[in-house]
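Topology and contacts: notes
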Amino acid sequence: MSQDNNINHYRRQFLSSATAVAGLSLAPGVLLTQVAHASTTGPASNKNRWGMLIDSSKCATGCNDCVTACHKENGIPVMGHPETDAQWIRKVKLTDKTTGHVQSLPLMCQHCEKPPCVDVCPTNASIKREDGVVLVDKHACIGCRYCMMACPYNARSFVHEKVTDQKYPRGIGTVESCTLCVHRIDESNGTKNPACVDACNAEGHKAMWFGDLKDPNSEISQNLQKYGGEQIRADLGLNTGVRYQNIS
Amino acid sequence: MLPLAVYADSLLPTVPKAKKNYNDTTLCVEPVEVMRERHMEFILHQRNDTMRKGDRSGKYSLEACIDCHNAPAEDGKVASAESPEHFCSSCHTYTAVQIDCFSCHADKPENTQYRHSLSELKAPHPQMFATQQLNAQTLEALSVQGEIQQ
């Protein structure tokens, strides 16, 4: 398996250098291919995999800023029915009953490499984009909620009430979840942080990182390589895009 | 008794005018006749590109339709999709074709000051106005066109 990966790696390197040569040989100013990173409006590419890293030791118990920021950014209203209100991200508090040690962490769609929600969707509305962002295509969603049952993280919500004046498309009878602020990713080619990460930084906790897991030089990859990051329910083998540090 | 022509006219939908022409020749993103006949195909195709592939570079978008065609009136009021004064509803009520777009999409422009890239200028995302993320060049280009006031 690792040999296969190496071969692919060499093939890619060879192919990309071949492309570069082809690019140079064209007339000045005319390039047939564009580097994926150069375009902010092009389609999502599998050269990136967007992910998040959360350091639970820096996440303050009782702080709810990421949740507030997410719901403000994406226009998720409070309808006054806590049992059915949409929840794209939530704070989880874990207390060790023996020691009394309290841990706090935000939990949202983990943007799995092998997402169970995508597996079970009967209409192909649950999708994983090329760049690893797991989304619901509400055009195809029939509101059956199989994905909500399949998700081990309980990350998805169903829109029960009629919505108007949406900030981003969402509507009654469809399922929704964290999009990793996909509008920001597309607008800035991943240089902008999702709203939750920005809010966490603004508060000075700096417990969340966002970045490209496939770019070995990105801050998130460097951090992960140095200190490692755990997956929640790693036993399921989903290879989540959201990783945690200092959870036990 | 009304003459037949007047009678027929009064039955036709009153379609609100767009705020601005996309360009002088085609008026809208495609010639008006083409838009009337095929607008649903354009946005259907584009929605899959945008939603599933993450490609937001195309020129058709429902958001752009709304920004230009359902812009606020002189008094600042914006019609909702349920009202026959709404650009889309005016025709769809007449033809009795139900549209589901607005069960998920906003039927009004989010930022009432915002006008879509009605010129050939590249469209900045409306969110960028709120977050002041426009670069100087875009701002200049837009203010030259009289699109926004600073």
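Here goes a summary of the coordinates provided. Predicted model, so just to flag it, every value in this text is computed and none were measured. (Residues numbered from 1 in each chain as written. Chains lettered and ligands numbered in written order. Predicted model: local features only at pLDDT ≥ 70, side-chain atom pairs only at ≥ 80, totals over all residues.)

**Remarks on the overall build of chain A**
To keep it simple, the criterion reads: Strands here are runs of E lasting at least two residues and helices are runs of H or I lasting at least four, both read from the DSSP assignment and numbered beginning at the N terminus. With C-beta atoms placed from the backbone, a residue is buried if 20 or more other C-beta atoms are within 10 Å of its own, exposed if 12 or fewer are, and partly exposed between those counts. Any two residues are considered in contact once their C-beta atoms, placed from the backbone, lie within 7 Å.
Each helix and strand in chain A was counted, giving seven helices and nine strands. Put simply, chain A has 248 residues, and 35% of those count as buried. Of the contacts formed within chain A by residues at least 6 apart in sequence, a portion of 60% connects residues at least 24 apart.

**So, the overall build of chain B**
A tally of regular secondary structure across chain B gives seven helices and zero strands. Listed N to C, the secondary structure of chain B is α-α-α-α-α-α-α in terms of helices and strands. When each of the 150 residues of chain B is scored for burial, the buried share is 21%. Considering only residue pairs separated by 6 or more positions, chain B has 54% of its internal contacts joining residues 24 or more positions apart.

**Points about the interface of chain B and chain A**
Rules: Three classes are used: nonpolar for Ala, Val, Leu, Ile, Met, Phe, Trp, Tyr, Cys and Pro, charged for Asp, Glu, Lys and Arg, and polar for all others, with Gly counted as polar.
The partner chain A presents 21 residues to the 16 residues of chain B that form the contact. Those elements giving two or more residues to the side of chain B that touches chain A turn out to be α2 (32-53) and α5 (101-104) of chain B. Residue contributions to the side of chain B that touches chain A peak at four residues, all from α2 of chain B. Looking at the side of chain B that touches chain A residue by residue, the classes come out as three nonpolar, six polar and seven charged.

**As for the sheet that holds strand β1 (residues 50-55) of chain A**
Residue and element names in this part refer to chain A. For clarity, the cut-off: A pair of strands is treated as paired once DSSP finds two or more bridges between them. Angles shown run from 0 to 180 degrees and are taken between the N-to-C directions of axes, each axis being a line fitted to C-alpha atoms and, for helices, limited to the stretch in contact.
Judged by pairing direction, the sheet is mixed, and its three strands sit side by side in the order β8-β1-β9 without closing on themselves. Strand pairing shows two members of the sheet lacking a second neighbour, β8 (208-212) and β9 (242-245), which therefore form its edges. Averaged over neighbouring strand pairs, the angle between their axes works out to 20° when direction is ignored. One ladder, built from four bridges, connects β1 with β9; its direction is parallel. Across the sheet, the residue bridging to Asp 55 is Gln 245, located in β9.

**Side note on the nonpolar core**
Where a protein is soluble and globular, its nonpolar side chains tend to be buried together. Selection rule: Buried Ala, Val, Leu, Ile, Met, Phe, Trp, Tyr and Cys residues whose C-beta atoms connect them within 7 Å together make up a nonpolar core.
The biggest cluster of nonpolar side chains holds 49 residues, and the ones touching the most others in it are Ile 54, Cys 66, Cys 196 and Met 208 of chain A. Looking at this core, the elements with two or more residues in it are β1, α2 (65-73), β3 (102-108), β5 (134-136), α5 (182-188), α6 (195-202), β8 and β9 of chain A. In terms of residue count, α6 of chain A provides more of this core than any other element does, five residues in total. Not counting chain neighbours up to four residues away, the residues in contact with Cys 196 of chain A comprise Cys 66, Ala 69, Cys 70, Ile 89, Pro 106 and Met 208 of chain A. One finds Leu 62, Cys 65, Ala 81 and Ala 106 of chain B within the second-largest nonpolar core, a separate group that totals 12 residues.

**Regarding α2 of chain B**
Residues spaced three or four apart along an α-helix face the same direction, because each turn holds 3.6 residues. Residues and elements named next belong to chain B. Rules: Two axes enter the bend calculation: one fitted to the seven residues ending at the residue in question, the other to the seven starting there, and the bend is the angle between them.
Maximum bend of α2: about 75°, positioned at Arg 38. Every buried residue belonging to α2 is among Arg 47, Thr 50 and Met 51, and all of these are buried. Gly 54 sits one or two residues past α2 and shows a positive phi near 75°.

**Considering unusual backbone geometry**
All names here are of chain A. Of note, the phi angle at Asn 239 is positive, near 50°, even though the residue is not glycine. With respect to the element layout, Asn 239 can be found in the loop between α7 (219-227) and β9. The exposure class assigned to Asn 239 is partly exposed, which follows from the 16 C-beta atoms found within 10 Å. The backbone of Asn 246 sits at a positive phi, close to 60°, despite the residue not being glycine. Assignment of secondary structure puts Asn 246 in the segment after β9. Using a count of 16 C-beta atoms within 10 Å as the deciding quantity, one classes Asn 246 as partly exposed.

**Topic: the pairing of β1 of chain A**
With respect to burial, β1 of chain A is a largely interior element, six of its six residues being buried. Burial along β1 of chain A is two-sided: the residues Trp 50, Met 52 and Ile 54 of chain A and Gly 51, Leu 53 and Asp 55 of chain A are all buried.

Shape descriptors only; they carry no functional weight alone.
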